[in-house]
Amino acid sequence: MSEMNPFKIAQQQLDEAARKLGLDPATHELLRWPMREYRFTLPVKMDNGQTRIFHGYRVQYNAARGPTKGGLRWHPDETIDTVRALAAWMTWKCAVVNIPLGGGKGGVTCNPKEMSEGEKERLSRAYIRAVARELGVHRDVPAPDVYTTPQIMAWMMDEFEAIYGESHPGVITGKPIALGGSEGRGDATARGGVYVVREAAKKIKLDVSKASYAIQGFGNAGQFAATLHREILGGGKLIAVSDSRGGVMSKSGIDPSAIVKHKLETGKVEGFPGTTPVSNSELLELDVDVLYPSALEGAITGANAGNIKAKIVCELANGPTTPEADAILHKNGILVLPDFMANAGGVTVSYFEQVQNTYNYYWSMADIDQQLDRRMTDAFEAVYTTRERAKVHMRLAAYMVAVTRVAEACKLRGWV
Ligand code: GLU
């Protein structure tokens with residue numbers, strides 16, 4: 001049921017983990033809902049002189065383990081329920097990589113592809129004026145997500161600092177390096193994902209240097225996964241790539257750097273020389289070793305899960321697989337690296353960015369990389385061990401690890 005509400009899916013996933021863990025009813029109910037949520041009506045002057053009204057959201061799901069953390073998504077289909085689901089997943093994400101942060105998420109219903117730079121800047125500033133009193137390094141810290149960029153983070157930080165008349169670089173992460181961003185934040189989501197693919201391949205004895213891979217979704221995460229997969233794993237053949245307009249494939253392999261360049265120059269992957277067209281749904285069913293769903297929710301559903309042939313599915317997107325599909329993939333012996341573990345590299349380096357902002361002292365790329373690798377590898381090990389011990393699929397195992405940590409924090413605070 002691909003049309004299922006993402007927040008209902010997030011609750012259903014939690015319910016399964018709560019049952020398996022024997023979680024007490026009060027903690028379970030507490031963790032099923034956002035602890036705080038805000039909606040904003042944002043008037044923005046457009047280039048044509050007219051004022052347009054946008055709808056924005058910020059959900060602070062759970063702050064038991066620390067200030068809430070999570071990106072801002074600008075998408076035409078954004079709703080309070082997509083934001084709630086994404087905020088829940090951020091809570092589990094920060095817990096599974098064991099960083100001292102809670103989970104949150106924000107969004108604006110808009111289509112940035114149809115907006116000028118000036119319009120995007122005015123929307124960024126309007127959003128911050130609405131949410132500023134709820135943000136801060138000890139409250140809630142946004143970051144980039146789908147269709148939001150380091151430039152947008154820069155405008156937002158500037159607006160926040162203008163309101164408070166002080167320097168507050170740690171109020172937002174994913175900033176440009178010149179404004180206190182961290183080395184390695186740009187490719188961190190993909191880098192972390194490739195680290196867990198490396199660990200997963202060891203478990204199933206897959207020689208990753210010879211493996212084939214395909215990428216669905218060619219935004220920030222997908223583009224970096226294309227090149228980092230080969231760089232980190234010492235080889236591999238990229239068979240297919242798609243974006244929201246369509247995809248391309250080549251059995252003899254696609255040059256990852258060249259297709260990234262083509263995407264940046266033309267805005268699409270279509271028409272890349274030496275390839276044939278493939279649809280997004282066909283791409284998911286290709287006979288490849290590693291599949292990276294890197295677009296949006298609901299890509300792998302009950303309708304197509306039975307046709308997936310990959311040995312490892314590394315979810316760089318948030319929520320790409322429905323619960324119905326999860327069960328099918330598990331039954332077919334496919335190792336799924338669930339979203340909030342596989343794509344936690346982004347928020348992990350966001351956390352490093354915040355730490356550096358607080359100290360006003362900056363680390364090298366080598367430091368970041370080493371720390372990121374350790375956190376991702378530890379998270380994978382914790383989840384994989386739980387999977388073996390409890391005999392459950394990877395997503396449920398990841399939930400069990402994360403929910404146990406968040407529940408403990410809630411209990412220690414005396415909330416339940
Ligand atoms: N938007 C990213 C995610 O979904 C990163 C969040 C962050 O860095 O706070 O994990």
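Residues numbered from 1 in each chain as written. Predicted model: local features only at pLDDT ≥ 70, side-chain atom pairs only at ≥ 80, totals over all residues. Heavy atoms only, no water.

Draft legend 1. Geometry of the packing of helix H3 (residues 80–96) against helix H14 (residues 394–412). Relative orientation of the contacting elements H3 and H14 amounts to 90 degrees, with a least axis distance of 8 Å. For the element pair H3 / H14, the angle class is roughly perpendicular. The residues of H14 that touch H3, namely those facing Trp89, Thr91, Trp92, Ala95 and Val96, are Ala398, Tyr399, Val401, Ala402, Val403, Arg405 and Val406. Split by residue class, the contact of H3 with H14 holds 10 nonpolar, 1 polar and 1 charged. (Axes fitted to C-alpha atoms, helices over the stretch in contact; angles between N-to-C directions. Helix = DSSP H or I, 4+ residues; strand = E, 2+ residues; numbered from the N terminus. Parallel < 35°, antiparallel > 145°, perpendicular 65-115°, else oblique. Contact = heavy atoms within 4.5 Å. Nonpolar A, V, L, I, M, F, W, Y, C, P; charged D, E, K, R; others polar.)

Draft legend 2. Just the nonpolar core, in detail. With 90 residues, the main nonpolar core has Trp92, Ile259, Tyr292, Leu337 and Met341 as its most contacted residues. By residue number, the principal contributor to this core is H14, which donates 13 residues. Those residues in contact with isoleucine 259 that lie beyond four places of it in its chain are Phe218, Leu238, Val241, Val248, Ile254, Val269 and Phe272. Core analysis: the next-biggest nonpolar cluster, separate from the first, contains 26 residues, Phe40, Cys110, Ala132 and Leu135 among them. (Core = buried A, V, L, I, M, F, W, Y, C linked by side-chain atoms within 4.5 Å. Buried < 20%, exposed > 50% of the residue type's maximum accessible area, 1.4 Å probe, protein only.)

Draft legend 3. Inspection of the packing of helix H4 (residues 117–131) against helix H5 (residues 150–164) at higher detail. At a closest axis distance of 9 Å, the pairing of H4 and H5 adopts a crossing angle of 45 degrees. Between H4 and H5, the crossing angle belongs to the class labelled oblique. The two elements H4 and H5 cross, and the hand of that crossing is right-handed. Between H4, through Glu117, Lys120, Glu121, Ser124, Arg125, Tyr127, Ile128 and Arg129, and H5, the contact on the second element is made entirely by Ile152, Trp155, Met156, Asp158, Glu159, Phe160 and Ile163. Classifying every residue of the contact of H4 with H5 by side-chain character gives 7 nonpolar, 1 polar and 7 charged. (Left-handed = near helix turned anticlockwise from the far one by under 90°.)

Draft legend 4. Spotlight on the pattern of salt bridges. Following the criterion strictly, the structure yields 30 salt bridges and no others. For aspartate 24, the salt bridge identified is with lysine 411, shortest N-O distance 3.1 Å. In this pair, aspartate 24 sits in the loop between helix H1 (6–21) and helix H2 (25–31) while lysine 411 sits in helix H14, placing the two residues 387 residues apart along the sequence. Relative accessible area serves as the criterion here: at 43%, lysine 411 is assigned to the partly exposed category. When the shortest N-O distance is used, the salt bridge between lysine 175 and glutamate 353 registers 2.8 Å. Placement of the pair is lysine 175 in the loop between H5 and helix H6 (188–204) and glutamate 353 in helix H12 (residues 345–359), with a sequence separation of 178 residues. Residue classification places glutamate 353 among the buried residues on the basis of a relative accessible area of 0%. Beyond isolated ion pairs, a larger network of salt bridges with shared partners links Glu121, Arg125, Arg129, Asp158 and Glu159. (Salt bridge = Lys/Arg side-chain N within 4 Å of Asp/Glu carboxyl O.)

Draft legend 5. The site of the ligand, seen in detail. Lys69, Lys93, Pro144, Asp145 and Ser350 are the nearest of the 14 residues found near the ligand. Within the side chain of lysine 69, an N or O atom sits 2.8 Å from an oxygen atom of the ligand. At a separation of 2.6 Å, a nitrogen atom of the ligand approaches a polar side-chain atom of aspartate 145. Burial of the ligand by the protein chains amounts to 95% of its free accessible area of 300 Å². Listed by contribution, the elements that provide at least two residues to the shell around the ligand are H3 and H12. By residue number, the principal contributor to the shell around the ligand is H12, which donates 3 residues. Grouping the amino acids of the shell around the ligand by side-chain chemistry returns 4 nonpolar, 5 polar and 5 charged. (Near = heavy atom within 4 Å. Polar contact = N/O pair within 3.5 Å; in protein donor to acceptor, adjacent residues only side chain to side chain. Areas by Shrake-Rupley, 256 points an atom, 1.4 Å probe, with all protein chains shown as cover.)

Draft legend 6. Highlighting the packing of aromatic side chains. On inspection of all chains with the given rule, the structure shows 11 aromatic pairs. Geometrically, the ring pair formed by phenylalanine 160 and tyrosine 164 is tilted, given 4.7 Å between the ring centres and 40 degrees between the ring planes. Within this pair, phenylalanine 160 and its partner tyrosine 164 are both found in helix H5, separated by 4 residues, close to a single helical turn. Using a relative accessible area of 37% as the deciding quantity, one classes tyrosine 164 as partly exposed. Put simply, the rings of Tyr61, Trp92, Phe340 and Tyr399 pair up and form one aromatic cluster. (Phe/Tyr/Trp six-rings, centres within 6.5 Å; stacked < 30°, edge-to-face > 60°.)

Draft legend 7. Representation of the pairing of strand E7 (residues 212–216). In terms of burial, E7 is largely enclosed, as 5 of its 5 residues are buried. Residues Ser212, Ala214 and Gln216 of E7 are buried on one face, and the alternating residues Tyr213 and Ile215, pointing to the opposite face, are buried as well. Where E7 lies against strand E8 (residues 237–243), 5 bridges are found, and the strand directions are parallel. Bridged to tyrosine 213 within E8 is leucine 238. (Pairing = 2+ DSSP bridges.)

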